[in-house]
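Reading the structure
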Number of protein chains: 2
Amino acid sequence: MNREILQKYITSILPMPTDKSAFFAEQFEPIKFSKDELLLKENKINKDTFVLESGYIRSFTFNQNDEEVTTNIFSAPCFVNDFLSFFKQQPTSENYQCLTHCKLWTMSYEKVQTCFHTYPEFREFGRMMLVTNYSNLHDRMLGMVKDTAENRYLKLMKNHPDIFQNVPLKFIASYLGITDTSLSRIRKEIASK
Amino acid sequence: MNREILQKYITSILPMPTDKSAFFAEQFEPIKFSKDELLLKENKINKDTFVLESGYIRSFTFNQNDEEVTTNIFSAPCFVNDFLSFFKQQPTSENYQCLTHCKLWTMSYEKVQTCFHTYPEFREFGRMMLVTNYSNLHDRMLGMVKDTAENRYLKLMKNHPDIFQNVPLKFIASYLGITDTSLSRIRKEIASK
DNA sequence: GTAATTTCTTGCCAAATGGCAAGTATTTAC
DNA sequence: GTAAATACTTGCCATTTGGCAAGAAATTAC
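Residues numbered from 1 in each chain as written. Chains lettered and ligands numbered in written order. Predicted model: local features only at pLDDT ≥ 70, side-chain atom pairs only at ≥ 80, totals over all residues. Heavy atoms only, no water.

Points about the protein's contact with DNA strand D
Operational definition: Nearness here has a simple test: a residue counts as near a molecule or strand if at least one of its heavy atoms is within 4 Å of that partner. As used in this structure description, the phrase polar contact means that two N or O atoms lie within 3.5 Å; if the pair is within protein, one of them must be able to donate a hydrogen and the other to accept it, and residues adjacent in sequence are counted only when both atoms belong to side chains. Helical segments are the DSSP runs of H or I of at least four residues, strand segments are the runs of E of at least two, and each set is numbered from the N terminus.
Of all residues adjacent to DNA strand D, which total 16 residues, the nearest are K35(A), S182(A), R185(A), K170(B) and R185(B). A share of 69% of the atoms of DNA strand D within 4 Å of the protein falls on sugar and phosphate groups. Take T179(A): an N or O atom from its main chain is 3.0 Å from a phosphate oxygen of DNA strand D. Contact between DNA strand D and S184(B): a phosphate oxygen at 3.1 Å from a side-chain N or O atom of the residue. For the surface near DNA strand D, the elements supplying multiple residues, two or more each, are helix 9 (180-191) of chain A together with helix 8 (169-176) and helix 9 (180-191) of chain B. Broken down by element, the residue count for the surface near DNA strand D peaks at five residues, all from helix 9 of chain B.

As structure tokens, then:
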């Protein structure tokens, strides 16, 4: 595992002096998960925050017909958390599942709180992390309202081509809000052009 | 205008002693907008944060065909902000338009920063505000992926029946990710049951 | 390496949603 | 109060997406 990747990711969220980012990166602990392991289970509390260094994770829940729905796909580097569950220390309603072997950095809720209280820059960092994640989610929401399924597919393909090499299409389809059958047809249609 | 409403709303986001919430409520200034006025314009920076006391606001942008798309509908009490534009002080890509006469409470970016630096509880409040808004957006996202258009309509009807009395259906339809024609048919279908 | 499992594609048809245009209802402007 | 503008509904038909099932392709387990 490579703590410099973590440090660089921290700086990408909030630019700061190297010694600061290095110190904050020091506060995380490395952890590895195997494929198919669950990082977080529904009805449990998200007690640790995670930063993904390498690998792929999805979150999923169930619809009215008890079918799995993939709600998010995480590709490194990024935070992997249910923010509501983590910051309010209340149960989550989703499952977080590793789709590949995963390397992560983790920090306990208590330690995060301590850092918030102790280091002003860490607070700024935390705030920017939330704002960035809010903004990403907002953009995804806009896509759901503005774009066709085909355009959502094309955007994901453009921004995260790596996901298509590492995550089964059925999960990607669900994440895009369509069925795997439809995604297969959209791909066929695009390929024929 | 009624500052107690603001104070109560602050407490609903993060429970705190009355004197604290009263003090924070004091930091906001009242402001009123007429119907159709723009609170925030695309390409401008979101320089003030707003809390809506009464009235209805929508945010909108444009799709590839230059058609307006309603991205959010705000009903009191709630924060009305482009968080990315506000916290990063960078231009927004959306327009925020009053759909009725609106009463709001406002605080400048500089004052928010000062309060963050000065009052630990204000920081906590700001964090919870972000987490709450993230969570609401996340739930809306889940609805887009999990629910049919009809179910999204029914949920909105259940959780915010007041919106249907105050916001034109064409904006609601767009917000739900469908056309006004489809919404009209869904309503007809439901009424016939 | 082979069998079993999972994933992906495709054909058939159904259901949901959209586009357009006309007509009705409601709201706004003066 | 009346005319104009806006919002909403509806019919007709097209397009998109879904459901199911069968088969092909790829991956996994042993």
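Things to note about the nonpolar core
Short version of the rule: Here the nonpolar core consists of buried residues drawn from Ala, Val, Leu, Ile, Met, Phe, Trp, Tyr and Cys, with membership extended through side-chain atoms lying within 4.5 Å. Exposure classes here rest on a 1.4 Å probe applied to the protein chains alone. A residue is buried below 20% of its type maximum, exposed above 50%, and partly exposed in between. By the convention used here, residues are in contact when the closest approach between their heavy atoms is within 4.5 Å.
Grouped together as the largest cluster of nonpolar side chains are 90 residues, with contacts concentrated most on I57(A) and I57(B). Not counting the four nearest positions on each side in its chain, I57(A) is found in contact with L39(A), L52(A), N72(A), I73(A), F74(A), V80(A), Y96(A), Q97(A), C98(A), L99(A), C102(A) and L104(A).

Here's the deal with the domain arrangement of chain A
All names here are of chain A. Spelled out, the test is: Domain extents, as shown, originate in an automatic or database domain assignment. Summed over both partners, the accessible area lost on bringing two parts together, with a 1.4 Å probe, is the buried area.
Domains assigned within chain A are domain 1 (3-146) and domain 2 (148-193). The straight-line distance from the C-alpha centre of domain 1 to that of domain 2 is 24 Å. With 15 residues of domain 1 in contact, the opposing surface of domain 2 contributes 13 residues. For the domain 1 and domain 2 pair, buried surface summed over both sides reaches about 1200 Å², with 62% attributable to carbon and sulfur atoms. Ranking the residues of domain 1 by area buried against domain 2 places Y56, I73 and M144 at the top, with a combined share of 43%.

A short note on helix 2 (residues 18-26) of chain A
Residues and elements named next belong to chain A. Which entries qualify depends on this criterion: By arc we mean the arc of the directions from the helix axis to the C-beta atoms, nothing more.
Inspection of helix 2 places S21, F24 and A25 among the buried residues, and these make up the whole buried set. Viewed along the axis of helix 2, the buried residues span an arc of 100°, placing them on a single side of the element. Pointing more than 90 degrees away from the buried face of helix 2 are the exposed residues D19 and E26. Residues of helix 2 that are buried in the fold lie against helix 1 (3-13) and helix 5 (120-146).

With respect to the state of the cysteines
Residue and element names in this part refer to chain B. To keep it simple, the criterion reads: Note on terminology: disulfide denotes any pair of cysteine sulfur atoms within 2.5 Å.
Scanning the model with the defined rule gives zero disulfides over all chains in all. Cysteine C78 shares no disulfide, and the gap to the nearest cysteine sulfur, in C102, comes to 9.6 Å. C78 sits in the buried class, given a relative accessible area of 12%.

Details of empty space enclosed by the protein
Defined as follows: We place a 1 Å grid over just the protein atoms. Points where a 1.4 Å probe fits but has no way out form a cavity, open points with protein on both sides within 12 Å along at least 5 of 7 lines form a pocket, and any residue with an atom within 4 Å of a point lines it. Grid points are joined across faces, edges and corners, and a volume is the space filled by probe spheres set on the points. Here the term charged refers only to Asp, Glu, Lys and Arg, the term nonpolar to Ala, Val, Leu, Ile, Met, Phe, Trp, Tyr, Cys and Pro, and the term polar to all other amino acids, Gly among them.
The tally for this structure, following the rule as stated, stands at six cavities of 30 Å³ or more. By volume, the largest cavity is sized at about 110 Å³. Lining the largest cavity are 14 residues, with T49(A), F79(A), F87(A), V112(A) and M129(A) sitting closest to its centre. When residues of the lining of the largest cavity are traced back to their parent elements, those giving at least two are helix 3 (83-88), helix 4 (109-118) and helix 5 of chain A. If one sorts the elements of the lining of the largest cavity by residue count, helix 5 of chain A sits on top with four residues. Class assignment for the residues of the lining of the largest cavity results in eleven nonpolar, three polar and no charged. Considering only enclosed or pocket space, the second largest cavity measures out at about 90 Å³ in volume. Around the second largest cavity, the lining residues are F28(B), T49(B), F79(B), F86(B), F87(B), M107(B), V112(B), F116(B), F122(B), F125(B), G126(B) and M129(B). For the lining of the second largest cavity, the elements supplying multiple residues, two or more each, are helix 3 (83-88), helix 4 (109-118) and helix 5 (120-146) of chain B. A total of four residues in the lining of the second largest cavity trace back to one element, the largest contributor, which is helix 5 of chain B.

Details of the pattern of salt bridges
The criterion, for reference: Any Lys or Arg side-chain nitrogen located within 4 Å of an Asp or Glu carboxyl oxygen qualifies as a salt bridge.
Applying the stated criterion across every chain, the model contains eight salt bridges over all chains. The partner of R58(A) in a salt bridge is E68(A), with the nearest N and O atoms 2.7 Å apart. On the criterion of sequence distance, the pair formed by R58(A) in strand 4 (residues 56-62) and E68(A) in strand 5 (residues 68-75) is long-range, its members being ten residues apart. By relative accessible area, E68(A) is classed as partly exposed at 41%. Residue R127(B) pairs with E124(B) through a salt bridge whose shortest N-O separation is 2.7 Å. Taken together, the residues R127(B) and E124(B), both in helix 5 and three residues apart, mark about one turn of the helix. Assessed through its relative accessible area of 10%, R127(B) is described here as buried.

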